[in-house]
Amino acid sequence: MRPVPGRPDGRVVPERSRVVVLVSGGGSNLAALLAAHVEPGYGARVVGVVSDRPDAGGLAVARDAGVATAVVAPGDFADRPAWDAALAQAVGVFEPAWVVSAGFMRILGQAFLDRFGGRVLNTHPALLPAFPGAHGVRDALAHGVKVTGCTVHVVDAGVDTGPIVAQRAVEVLDGDDEAALHERIKSVERALLVDVVGRAARGGLTLDGRHVRLA
């Protein structure tokens with residue numbers, strides 16, 4: 001607990017959880033988290049954004065919001081384990097309570113999970129365990145499902161195999177193509193991610209095997 005800086009009444013509030021966001025793309029999920037974290041009651045504060053690509057649009061989103069950024073590009077390292085260790089080091093500088101993989105298109109390796117395991121949340125545009133991997137929306141359409149959606153899960157060493165924290169459904173409409181369906185999923189996904197990160201920050205997350213409970 002700490003007094004709120006500048007409050008004349010000296011009211012004490014809980015310290016907000018520090019969050020680092022990993023991005024590879026435009027940063028729409030990041031923007032949603034940044035919009036939420038300005039509310040004192042949200043419970044989480046984005047303190048750093050790390051990308052594997054220097055041209056990722058999410059870096060500009062972070063800088064515009066006054067959030068520190070770092071780039072850890074795989075091509076700058078001799079091999080994947082070296083990159084993974086460097087990524088863990090870069091994220092560790094910010095001393096996060098939580099790491100959020102929001103459109104980060106890399107599998108996190110053992111060095112990273114050894115340091116942050118159980119505290120890394122990822123979003124995926126399908127209802128896991130169905131349609132994991134990079135083309136969840138395309139694969140769901142190709143399979144002919146009538147309902148798909150999005151998932152927030154705890155990251156483990158597999159590809160979208162970690163324990164599921166929360167899911168929301170999105171109906172597949174007649175005439176949907178990948179772009180149209182993905183846009184509708186993204187809208188739901190942003191709201192779900194903001195809700196999960198805030199709840200985890202305010203009350204914590206309990207893992208019991210594959211079962212997850214948010215406070």
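Residues numbered from 1 in each chain as written. Predicted model: local features only at pLDDT ≥ 70, side-chain atom pairs only at ≥ 80, totals over all residues. Heavy atoms only, no water.

A. The overall build of the chain, seen in detail. A count of helices and strands for the chain gives 6 helices and 11 strands. Reported as C-alpha extents along the three principal axes, the dimensions of the chain are approximately 60 × 45 × 35 Å. Buried positions account for 46% of the 215 residues belonging to the chain. Partitioning the contacts of the chain with sequence separation of at least 6, the portion at a separation of at least 24 is 59%. A total of about 10300 Å² of accessible surface is found on the chain, and carbon and sulfur atoms cover 54% of it. Averaging the locations of the 22 positively and 23 negatively charged side chains of the chain gives two centres separated by 7 Å. (Helix = DSSP H or I, 4+ residues; strand = E, 2+ residues; numbered from the N terminus. Buried < 20%, exposed > 50% of the residue type's maximum accessible area, 1.4 Å probe, protein only. Contact = heavy atoms within 4.5 Å. Areas by Shrake-Rupley, 256 points an atom, 1.4 Å probe, with all protein chains shown as cover. Lys, Arg positive; Asp, Glu negative; His and termini not counted. Charge placed at Lys NZ, Arg CZ, Asp CG, Glu CD.)

B. A look at the confidence of the model for the chain. Within the chain, residue pLDDT values average 92, and 93% of them lie at 70 or more. Contacts of residues 1–14 to residues separated by more than four positions or lying in other chains number 12 contacts, the stretch itself having pLDDT below 50. (pLDDT = per-residue confidence, 0-100.)

C. Structural view of the environment of Val188. Secondary-structure assignment places Val188 in helix α6 (residues 178–203). A C-alpha to C-alpha distance of 7.8 Å links Val188 and Val170, two positions 18 residues apart in sequence. Not counting chain neighbours up to four residues away, the residues in contact with Val188 comprise Cys150, Arg168 and Val170.

D. Broad picture of the sheet that holds strand β8 (residues 147–154). With mixed pairing, the 7 strands of this open sheet are ordered in space as β5-β4-β3-β6-β7-β8-β9. Only two strands of the sheet have a single neighbouring strand rather than two, namely β5 (68–71) and β9 (164–171). Averaged over neighbouring strand pairs, the angle between their axes works out to 20 degrees when direction is ignored. The sheet contact formed by strand β3 (residues 17–23) and strand β6 (residues 98–101) spans 4 bridges and is parallel. Note on β6: the bridge partner recorded for Val21 is Val100. (Pairing = 2+ DSSP bridges. Axes fitted to C-alpha atoms, helices over the stretch in contact; angles between N-to-C directions.)

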